[in-house]
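Here is how the chains run, residue by residue.
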Amino acid sequence: MHPQNINLFTYQMKNTIDYFSSILLGLTIVISVSGIPPEVFGHTRTSFIFGTSIMILLTSITAWNTFRKNIKLSWQDILCLYILTLYLIDFKHPGSLWNTSSYCLLILYITLRCLRQIHYTIIFSSCLCAAILLACWGYLQYFKYIPSNSQFFLLTGPFHNPAVLAIMLSLLLGVILNGLILFYSSLKKSYYFFIIIITTILFCLPILVLTYARAAYISLFISLLYCSYLRLPRPFSMKHLIRLGGVLLFIITTAGASYFLRPKSADGRLLIWKVSWQMIKDKPLTGFGKGGFAANYLYYQAEYMKSSASKEEKEVAGDTHLAFNEPLRMTVEYGVTGLLTYLAFCIWTLLPPKKKSFTTLICKSLVAGIVTWGMFAYPDQTYSLLTLWIISIAFILNKKKTIEPRTIRAKSRITMIAICFLATFLLSGRLWKQWQPYHNLYLHSQSPITEKDMEYPNPILQVKDKMKDDIGFCYAYCLFVQKNNLDTDVLPIIHYLEKNFPSPSLLMTKGDCLKKKNQWKEAESAYRLAANMMPSLQAPRGRLAFLYNETGRRKEALVIAHEILTEDVKVYGFDTFRLHRELKRIFEDEFK
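So, the overall build of the protein chain
Phase 1: Assigned secondary structure in the protein chain consists of 28 helices and two strands.
Phase 2: A burial count over the protein chain gives 50% of its 592 residues as buried.
Phase 3: Long-range contacts, defined here as pairs at least 24 residues apart, represent 73% of the contacts in the protein chain between residues at least 6 apart.
Phase 4: Within the structure as shown, the protein chain displays about 29,900 Å² of accessible surface, and the carbon and sulfur contribution to it stands at 65%.

Here is the structure:
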């Protein structure tokens, strides 16, 4: 074969492999917003984590042949990896599924930084496909062809909450709209692709509106505004800064006016700020550590409800483990130091670039949308959003000129490939081991426990010790045992969850277990703490009334029963109906 033909063939092969890596990355984006069929893993959140992590590992394994020859690790990469590791990894629970998925995100970041070429047109097309998929899901739920994943909301998409559907649609629409604006002159030449983009925008916007998610609306607006701001020739001139200040004032005024759309929700957020301030005062410098908000907030809320809460605050107090404000969460968990680090990192990623490539502008506007949503929600708990965030940061650095004197060169390309391959191999094995317990738990939760199951060792009971460091699995395991009335002691797991993820339902389960052991005082304390955590919840007070009645404290039980039966109920469901019916039966003579 002629040398020129060999070179042409080699070039074509490289180009094909580069395309394949970009296609896998695009599929990762699509899977991150759709998950995999929930019938496989049985839970919407684990569906996204497993599906996206698998795609990330496949992308990393197949991308090793597309790494650049001269791989450079700049100080920016080291700084990003350090901050991302602190942000994502929970060092208190090293064996958790969340940590495994977070390591996958870090591998994805390294892989993207090492790739010799990324076809951004494929990534943009994947965003189009992901947006269309979410919109179709939303329309099918709106017209009730498929069920929602929540009993309280009509539109959730593949997620558990309309807020997540809204923000993912908002971010994807931000990419599409900014891409349309920036590449308008080029897109006009590609008539069919231009029509597809316009149709996608018009198709997706109604679903975004129907979610009634104010934070997602603001996020999309900020994303578009920030991209327009970055296009200015001198973004730091006094004239432009005055205009920007006026726009920000308009946004703040609009956000304040949106309070009247859902005042109860806004009042609940204000309560979270009040209670969180007490947490910050206790540990202002170091904070409570990763996961410290979820582990401690409800205890502080219970104390506040007992001491100084108003009637309105008791009505809006909820069973929450989320701060609904990322700077607030960072301050609670990492102290003032963590807050300053978080703000500095956000500002650094959002600084106007010297080289204004359109890809950089789109990615920075996407990060601006994520940061904006973080002011009202929980980006740290939304794996789909974190995936887009990691990809955006890697793309921004890929387009940034590297300063040669301040770079650290890897010893060889083979060393980097070996490290990534080994890490991918280890994470694949770890992901498989964690998949099996979740899968078994789902299978057993879908079928009733039979006598045959009780004769032989139950696989769920066998694997619980292996997953004892996984908060999500432990919580699902407790619910499984309670639902099936298995003769097993869950108190050790409950004690573990009390320290890491307490909730009124967990404390009610604890009270039930203690009540079976005739530990009346301990059961009473558990029920009372659950009631203080969420005063509007009637179930723990109902259990307290039943306990008092069984232990001869009928007058106290009657007072609680009368309070439950005469007060207004937020959501009157089957559980509330059964509780009221039982209380009326027990205290029938007194109520007559």
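There is more to say, and it comes next.
Section: the confidence of the model for the protein chain
Phase 1: Mean pLDDT over the protein chain: 82, with 82% of residues reaching 70 or higher.
Phase 2: This model gives residues 1-13 a pLDDT under 50, and the stretch forms one contact once residues within four places in sequence are excluded.
Phase 3: Across residues 402-410 the pLDDT falls below 50, and counting only partners more than four positions away or on other chains, this stretch makes 16 contacts in the model.

Quick look at helix α25 (residues 539-550)
Phase 1: Taking 1.5 Å per residue, 12 residues should reach 16 Å; α25 reaches 17 Å between its end C-alpha atoms and fits that length.
Phase 2: Against the buried residues of α25 lie α23 (504-516), α24 (520-533), α26 (554-566) and α27 (574-586).
Phase 3: Once α25 finishes, Gly552 follows within two positions and takes phi at roughly 85 degrees, a positive value.

Description of a nonpolar patch on the surface
Phase 1: Taken together, the side chains of Leu285, Val336, Leu340, Leu343, Ile347 and Leu351 define a hydrophobic patch exposed on the protein surface, amounting to about 550 Å² of accessible area.
Phase 2: By secondary structure assignment, the location of Leu285 is in the loop between α12 (263-282) and α13 (292-307).

Quick notes on the pattern of salt bridges
Phase 1: Counted by the stated rule, this structure contains 15 salt bridges.
Phase 2: Note that Asp77 and Arg113 form a salt bridge whose closest N and O atoms lie 2.6 Å from each other. Placement of the pair is Asp77 in helix α4 (residues 75-88) and Arg113 in helix α5 (residues 97-114), with a sequence separation of 36 residues.
Phase 3: We classify Asp77 as buried; its relative accessible area is 3%.

Some points on the nonpolar core
Phase 1: Counting residues in each nonpolar core, the largest one holds 155 residues, and the members touching the most others are Leu112, Met168, Trp389 and Leu497.
Phase 2: The dominant element in this core, judged by the number of residues it contributes, is helix α7 (residues 162-182), at 14 residues.
Phase 3: The contacts of Trp389, once residues within four sequence positions are left out, are Leu84, Tyr87, Phe345, Val367 and Ile370.

What to know about the packing of α4 against helix α15 (residues 326-350)
Phase 1: Relative orientation of the contacting elements α4 and α15 amounts to 155 degrees, with a least axis distance of 12 Å. As summarised for this structure, α4 and α15 are arranged roughly antiparallel, according to the angle between their axes. Crossing of α4 over α15 shows left-handed handedness. Of the residues in α15, those touching α4 at Gln76, Cys80, Ile83, Leu86 and Tyr87 are Glu326, Arg329, Met330, Tyr334, Thr341, Tyr342, Phe345 and Trp348.
Phase 2: Here the contact of α4 with α15 is built from residues that sort into nine nonpolar, two polar and two charged.

Describing the packing of aromatic side chains
Phase 1: In total, this model carries 21 aromatic pairs according to the counting rule given.
Phase 2: Seen in terms of ring centroids, Tyr142 and Phe143 are 5.2 Å apart; in terms of plane orientation they differ by 85 degrees. Their pairing is edge-to-face.
Phase 3: Taking relative accessible area as the criterion, Tyr142 reaches 37% and is therefore assigned partly exposed.
Phase 4: Accessibility expressed as a relative area gives 53% for Phe143, which makes it exposed.
Phase 5: Within the aromatic cluster, the residues linked to one another by ring pairs are Tyr87, Phe345, Trp348 and Trp389.
Phase 6: One residue, Lys290, lies across the ring of Tyr87, its end atom 5.7 Å from the ring centre.

A few points about the side chain of His580
Phase 1: Assignment of secondary structure puts His580 in helix α27.
Phase 2: When near neighbours in sequence (up to four residues on either side) are disregarded, His580 contacts Gln538, Ile564, Leu565, Val569 and Tyr572.

A look at the side chain of Glu313
Phase 1: Inspection of the secondary structure puts Glu313 in helix α14 (residues 311-316).
Phase 2: The class of Glu313 is buried, set by a relative accessible area of 11%.
Phase 3: Setting aside residues up to four positions removed in sequence, Glu313 forms contacts with Leu271, Lys274, Tyr304, Met305 and Ser308.

As for the packing of helix α16 (residues 358-374) against helix α17 (residues 383-398)
Phase 1: Direction vectors running N to C along α16 and α17 enclose 145 degrees, while the axes themselves pass 9 Å from each other. Crossing angle aside, the handedness with which α16 passes α17 is left-handed. Residue-level contacts link Thr360, Cys363, Lys364, Leu366, Val367, Ile370 and Trp373 of α16 to Leu385, Leu388, Trp389, Ser392, Phe395 and Ile396 of α17.
Phase 2: Residues that form the contact of α16 with α17 fall into these classes: 10 nonpolar, two polar and one charged.

Focus: the state of the cysteines
Phase 1: The full count for this structure, using the stated rule, is zero disulfides.
Phase 2: Cys363 supplies the cysteine sulfur nearest to Cys127, a cysteine that is in no disulfide, at a spacing of 9.0 Å.
Phase 3: Judged by its relative accessible area of 7%, Cys127 falls in the buried class.
Phase 4: In this structure Cys129 is not part of a disulfide, and its nearest cysteine sulfur, from Cys127, lies 9.3 Å away.

Quick notes on the rules
Residues numbered from 1 in each chain as written. Predicted model: local features only at pLDDT ≥ 70, side-chain atom pairs only at ≥ 80, totals over all residues. Heavy atoms only, no water. Helix = DSSP H or I, 4+ residues; strand = E, 2+ residues; numbered from the N terminus. Buried < 20%, exposed > 50% of the residue type's maximum accessible area, 1.4 Å probe, protein only. Contact = heavy atoms within 4.5 Å. Areas by Shrake-Rupley, 256 points an atom, 1.4 Å probe, with all protein chains shown as cover. pLDDT = per-residue confidence, 0-100. Expected span 1.5 Å × (residues − 1). Patch = residues over 30% accessible without salt bridge, like charges linked within 9 Å, V, L, I, M, F, W, Y side chains within 5 Å. Salt bridge = Lys/Arg side-chain N within 4 Å of Asp/Glu carboxyl O. Core = buried A, V, L, I, M, F, W, Y, C linked by side-chain atoms within 4.5 Å. Axes fitted to C-alpha atoms, helices over the stretch in contact; angles between N-to-C directions. Parallel < 35°, antiparallel > 145°, perpendicular 65-115°, else oblique. Left-handed = near helix turned anticlockwise from the far one by under 90°. Nonpolar A, V, L, I, M, F, W, Y, C, P; charged D, E, K, R; others polar. Phe/Tyr/Trp six-rings, centres within 6.5 Å; stacked < 30°, edge-to-face > 60°. Lys NZ or Arg CZ within 6 Å of the ring centre and 35° of its normal. Disulfide = S-S within 2.5 Å.

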